[in-house]
Number of protein chains: 2
Amino acid sequence: MPTRQFKLGAFLMQTGHHIAAWRHPDAQADAGVNFRHYADLARRAEAAKFDAIFLADAVGVRNRDIPSLSRTARSDNFEPLTLLSALAAVTERIGLIATVSTTYNEPYHVARKFASLDHISGGRSGWNLVTSSGESEAQNFSRAEHMEHATRYARAAEFHDVVLGLWDSWEDDAFVRDRDSGVYFTPEKLHPLHHRGDHFQVRGPLNAARSPQGRPVVVQAGASLAGRELAARTAEVIFVAHQTFDEAQTFYRDIKRRARDLGRDPDHVKIMPGIFPVVGRTQAEAERKFAQLQDLIHPVVGVQLLTNMLGGFDVSGYPVDGPVPDLPETNAGKSRQQLLVDLARRENLSIRDLYLRIAGARGHQQIVGTPQGIADQLQQWFEEEGADGFNIMSPWFPGGLDDFIELVLPELRRRGLFRTEYEGRTLREHLGLPRPPHPAATARAQRLQEQPAPALAASAG
Amino acid sequence: MPTRQFKLGAFLMQTGHHIAAWRHPDAQADAGVNFRHYADLARRAEAAKFDAIFLADAVGVRNRDIPSLSRTARSDNFEPLTLLSALAAVTERIGLIATVSTTYNEPYHVARKFASLDHISGGRSGWNLVTSSGESEAQNFSRAEHMEHATRYARAAEFHDVVLGLWDSWEDDAFVRDRDSGVYFTPEKLHPLHHRGDHFQVRGPLNAARSPQGRPVVVQAGASLAGRELAARTAEVIFVAHQTFDEAQTFYRDIKRRARDLGRDPDHVKIMPGIFPVVGRTQAEAERKFAQLQDLIHPVVGVQLLTNMLGGFDVSGYPVDGPVPDLPETNAGKSRQQLLVDLARRENLSIRDLYLRIAGARGHQQIVGTPQGIADQLQQWFEEEGADGFNIMSPWFPGGLDDFIELVLPELRRRGLFRTEYEGRTLREHLGLPRPPHPAATARAQRLQEQPAPALAASAG
């Protein structure tokens with residue numbers, strides 16, 4: 001067992017995470033329709049031994065403000081699961097994590113697609129479970145209003161349990177496929193779900209064999225109280241936004257404690273904050289690179305971005321160089337919005353200052369610095385209970401990712417903090433997460449241990 | 001323009017279309033979890049210049065009868081869209097058609113996934129629009145009973161219209177991505193859908209650019225009256241099951257007449273019956289190959305298969321060598337079931353005879369013969385208004401597909417009936433279907449023609 005090392009995700013997003021990335025001279029402006037662009041990024045991340053690539057999602061165009069929308073690259077992109085499946089075919093080792101919302105989906109479809117991707121990729125799939133808020137998405141799914149926060153989370157929790165149950169429809173060795181006897185599967189190893197809950201009634205079984213990882217890896221991003229409760233119970237990886245080390249450490253300790261209290265091994269919940277790194281060989285070079293991007297932000301785009309990050313609370317009527325107003329009560333994505341206002345208060349930021357601050361990292365930790373400086377900060381978070389790893393949100397693609405790979409990774413490797421070769425084949429193996437045994441197989445083994453020679457009862461439904 | 005030639009689909013299905021294919025000594029018994037198997041088949045079909053590969057689907061395990069289910073390879077397979085996206089990355093020219101039901105899906109998801117696949121594949125995607133019947137699927141989607149026939153079709157028709165509307169969310173040249181001016185798209189070329197119908201309310205726009213084909217190709221499979229009406233209005237390819245030439249010709253003429261009556265060019269509705277070919281260099285060799293497969297069918301499997309093909313009407317209580325009983329009234333997939341009973345009556349088939357007959361082709365046309373004999377029959381259907389092409393349902397994979405490619409295709413090419421090289425790049429180009437212009441662009445061009453110098457009004461929503 002090597003020393004504990006970073007887990008690293010490459011969070012791929014179209015032209016890049018900076019709001020003006022598409023205007024960068026080295027960016028791929030048509031990234032949203034360019035499969036080769038994504039294939040190239042995935043291969044670079046794999047060559048650099050990242051644990052996984054990570055794709056966000058929205059089921060709609062969230063911004064309804066045409067003047068700002070028409071100046072950003074936020075309206076056209078691939079659907080994450082079709083993109084990730086295609087990327088599975090052009091990569092061999094790197095994990096593949098896609099975001100799929102529980103709010104406007106059916107658990108049977110979601111269970112099936114991630115199981116299928118796990119089979120296609122040889123055990124590399126992960127599901128970032130989120131809920132959808134906002135009318136712009138609701139109105140694409142025959143709903144006038146979006147679902148209330150508590151309902152969304154209750155639905156998400158049940159959705160999760162149904163998906164995991166469906167992934168266990170078949171024991172690992174159910175399919176014997178014996179040509180001579182003509183037996184394709186062993187009936188006793190089939191376990192239809194027969195779920196009847198408040199939000200879903202799902203009989204099962206899933207029409208897919210148990211996948212190479214047993215279950216694809218479950219990732220979550222919630223930082224609200226309901227999100228933390230769900231994540232502590234169910235998440236194997238948590239993707240989170242923090243502005244300060246103290247925030248990160250408080251969150252980290254809270255989640256690990258909650259997981260322990262629920263009987264889970266806290267080491268099986270990997271906490272990976274998002275990091276937006278702008279890397280230069282010198283501090284001045286890093287700052288020049290960042291300024292180049294910041295200068296490309298149109299004020300119309302900046303003000304609308306802040307409005308969106310504040311859950312739709314329109315700040316365009318306030319003076320752009322005046323203070324950030326207090327938030328009204330709202331039910332959408334509560335925690336992240338308050339974190340932003342807290343940041344503005346703490347550092348006395350104007351509206352313009354704040355939108356410039358979030359334009360890249362969208363509330364995540366932004367580090368503009370040298371490889372040593374960036375490595376220092378990541379190492380502190382990693383060693384002092386702030387993070388198990390990081391989701392790298394490159395300012396623009398491909399250059400911003402290349403900078404991280406070529407400048408920061410060698411420094412991390414010198415410090416023994418990141419792998420030089422994959423240790424395993426599956427995403428679980430990369431992350432150090434155990435492969436979950438099938439519950440029925442576990443129960444059978446226990447029965448055999450307790451009663452040396454039992455008559456096994458058939459349990460097929 | 002070359003002489004009219006066959007359109008050919010390679011209908012890939014796990015181990016093969018014969019119910020006992022998985023037991024064939026040359027079959028890939030673990031096809032349902034073997035991506036390389038599918039990648040290999042797709043590449044063979046592409047090398048042979050098929051128009052498309054075609055994937056069926058069911059959102060559940062349809063057969064609840066464990067004794068027969070456990071003896072067939074019908075319970076584990078890839079999800080079609082994840083599989084097809086991965087296959088897009090390992091092929092370059094062949095069309096990619098996946099079945100997705102309108103009954104338990106949302107049009108926004110479906111529009112998005114096929115648009116995404118069209119971008120990934122460079123214009124090769126096609127959607128086989130079906131409805132789902134049967135409780136085994138309904139019960140995976142929180143419904144106790146399946147949707148009634150007429151409701152299913154009304155929903156499917158509206159679903160189709162919403163999907164096409166979403167595909168037209170953006171004009172082809174909406175995304176200018178001009179780095180200097182900072183304009184990413186032209187607001188006037190954005191057209192949110194604002195659909196408000198009986199089954200769906202979908203605002204849009206789709207968060208994807210208009211795809212290379214303008215719209216992915218729409219395929220349908222309905223043979224019932226409601227299915228025909230929908231197909232004549234909306235389908236660009238019709239996949240259908242026929243037992244006799246007369247049936248095929250009647251259907252072909254009916255659909256082409258309906259399309260013409262609706263103002264469509266009948267040549268833009270390609271009718272492609274399913275064909276189950278067992279090919280031998282001699283008739284005796286073909287029959288030996290077929291007998292080898294038929295001998296592998298367990299009677300438990302055969303009787304249950306017939307029950308399923310009769311819409312769940314249980315025939316296991318009737319003598320297996322006695323006549324096929326009359327069908328009760330039912331609302332599930334009406335036409336196909338009656339076609340089967342008609343076939344039994346016409347040829348005086350027992351239950352065993354009938355299940356042996358459908359074990360491979362599942363109601364489609366089964367031809368056991370030489371390359372010349374098979375070519376003769378296909379040519380007749382093609383030249384005498386029975387078909388524009390065929391969807392080839394190989395008895396087992398890969399051998400059954402190889403036989404068709406190596407023995408039948410050369411014969412078809414000698415007769416000038418099938419291409420030797422792709423003429424185009426997209427599925428529409430392979431099929432000879434026009435690329436649909438964007439309605440707003442068409443309207444603008446008309447306005448310009450009528451009024452030489454108008455002031456163009458902004459139409460963004």
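First, a word on scope: everything that follows refers to the structure included in this document. (Residues numbered from 1 in each chain as written. Chains lettered and ligands numbered in written order. Predicted model: local features only at pLDDT ≥ 70, side-chain atom pairs only at ≥ 80, totals over all residues. Heavy atoms only, no water.)

Let's talk about the environment of G60(A)
Defined as follows: Numbering of helices and strands starts at the N terminus; helices are DSSP runs of H or I of at least 4 residues and strands are runs of E of at least 2. Residue contacts are defined here by distance: any two heavy atoms, one from each residue, within 4.5 Å place the two residues in contact.
Note that G60(A) resides in the loop between β2 (52–55) and α2 (66–69). On a C-alpha basis, the gap between G60(A) and E135(A) in space is 9.7 Å, while along the polypeptide they are 75 residues apart. Leave out the neighbours within four places in its chain, and G60(A) touches E137(A), N140(A), Y108(B) and N207(B).

Regarding the pattern of salt bridges
Side chains carrying opposite charge are able to pair once their charged atoms draw close together. Selection rule: Here a salt bridge means any side-chain nitrogen of Lys or Arg lying within 4 Å of a carboxyl oxygen belonging to Asp or Glu. Exposure classes here rest on a 1.4 Å probe applied to the protein chains alone. A residue is buried below 20% of its type maximum, exposed above 50%, and partly exposed in between.
Taken as a whole and judged by the stated rule, the model has 64 salt bridges over all chains. D168(A) serves as the salt-bridge partner of R215(A), at 2.6 Å between the closest nitrogen and oxygen. Linking R215(A) in the loop between β8 (201–202) and β9 (217–220) with D168(A) in the loop between α6 (149–167) and β5 (175–178), this pair joins segments that are 47 residues apart in sequence. By the burial criterion, R215(A) is buried, and D168(A) matches it. A salt bridge links E411(B) to R414(B), with the shortest nitrogen-to-oxygen separation between them at 2.9 Å. A residue pair is termed a helical-turn pair when its members lie 3 or 4 positions apart in one helix, as E411(B) and R414(B) do in helix α14 (residues 399–414) at three residues.

So, the packing of aromatic side chains
This is how it is decided: For Phe, Tyr and Trp, where Trp contributes only its six-membered ring, two rings pair if their centres lie within 6.5 Å, and the inter-plane angle classes them as stacked under 30 degrees, edge-to-face over 60, or tilted in between. Only when the NZ atom of a Lys or the CZ atom of an Arg is both within 6 Å of the ring centre and within 35 degrees of the ring normal do we say a charge sits over the ring.
According to the stated counting rule, one finds 46 aromatic pairs over all chains in the structure shown. Arranged with centres 6.5 Å apart and planes meeting at 55°, the rings of W381(B) and F390(B) form a pair that is tilted. Pair check on accessibility: W381(B) and F390(B) agree, each one buried. Chaining the aromatic ring pairs together yields one cluster made of F6(A), F245(A), W381(A), F382(A) and F390(A). Looking at R4(A), its charged tip hangs above the ring of F382(A), at a distance of 3.9 Å from the centre.

Looking at empty space enclosed by the protein
As a reminder of what qualifies: Two kinds of site are reported from a 1 Å grid over the protein atoms alone, namely cavities, where a 1.4 Å probe fits but cannot get out, and pockets, open sets with protein on both sides within 12 Å along at least five of seven lines, and residues are called lining when an atom falls within 4 Å of a point. Grid points are joined across faces, edges and corners, and a volume is the space filled by probe spheres set on the points. Three residue categories are used. Nonpolar comprises Ala, Val, Leu, Ile, Met, Phe, Trp, Tyr, Cys and Pro, charged comprises Asp, Glu, Lys and Arg, and polar comprises the others, including Gly.
Evaluated as defined, the whole model comprises nine cavities of 30 Å³ or more. The calculated volume of the largest cavity comes to roughly 150 Å³. Taken together, 15 residues make up the lining of the largest cavity; nearest its centre are E79(A), V100(A), N105(A), H109(B) and K113(B). Among the secondary structure elements, those contributing two or more residues to the lining of the largest cavity are β3 (95–101) and α4 (107–121) of chain A together with α4 (107–121) of chain B. Across the lining of the largest cavity, the residue classes break down as four nonpolar, six polar and five charged.

Let's talk about the interface of chain B and chain A
Selection rule: The buried area of a pairing is the accessible area, by a 1.4 Å probe, that goes missing from both parts when the two are put together, added over both.
Taken residue by residue, the interface counts 73 residues in chain B and 73 residues in chain A. When the two sides are added together, the surface that chain B and chain A hide from each other amounts to roughly 6400 Å², 56% of it contributed by carbon and sulfur. Summed over the three residues of chain B that lose the most area to chain A, namely R112(B), R179(B) and Y184(B), the buried surface amounts to 12% of that side. Taken together, chain B and chain A are joined by six salt bridges. A salt bridge links E79(A) to K113(B); its shortest N-O distance comes to 3.0 Å. Elements with a contribution of two residues or more to the side of chain B that touches chain A: α2 (66–69), α3 (80–88), α4, β5 (175–178), β6 (183–185) and β8 (201–202) of chain B. Broken down by element, the side of chain B that touches chain A gets its largest block of residues, seven residues, from α4(B). Per-class residue counts for the side of chain B that touches chain A are 35 nonpolar, 23 polar and 15 charged.

Details of the side chain of Q243(B)
Residues and elements named next belong to chain B. The condition that has to hold: Between N or O atoms, a polar contact is any pair within 3.5 Å; within protein, one atom must be a potential hydrogen donor and the other a potential acceptor, and residues adjacent in sequence are included only when both atoms are from side chains.
Assignment of secondary structure puts Q243 in the loop between β10 (237–240) and α8 (245–261). Under the relative-accessibility criterion, Q243 is labelled buried at 14%. A polar contact is formed between the side chain of Q243 and the backbone oxygen of H364, at a distance of 3.3 Å. Not counting chain neighbours up to four residues away, the residues in contact with Q243 comprise L343, R346, G363, H364 and Q365.

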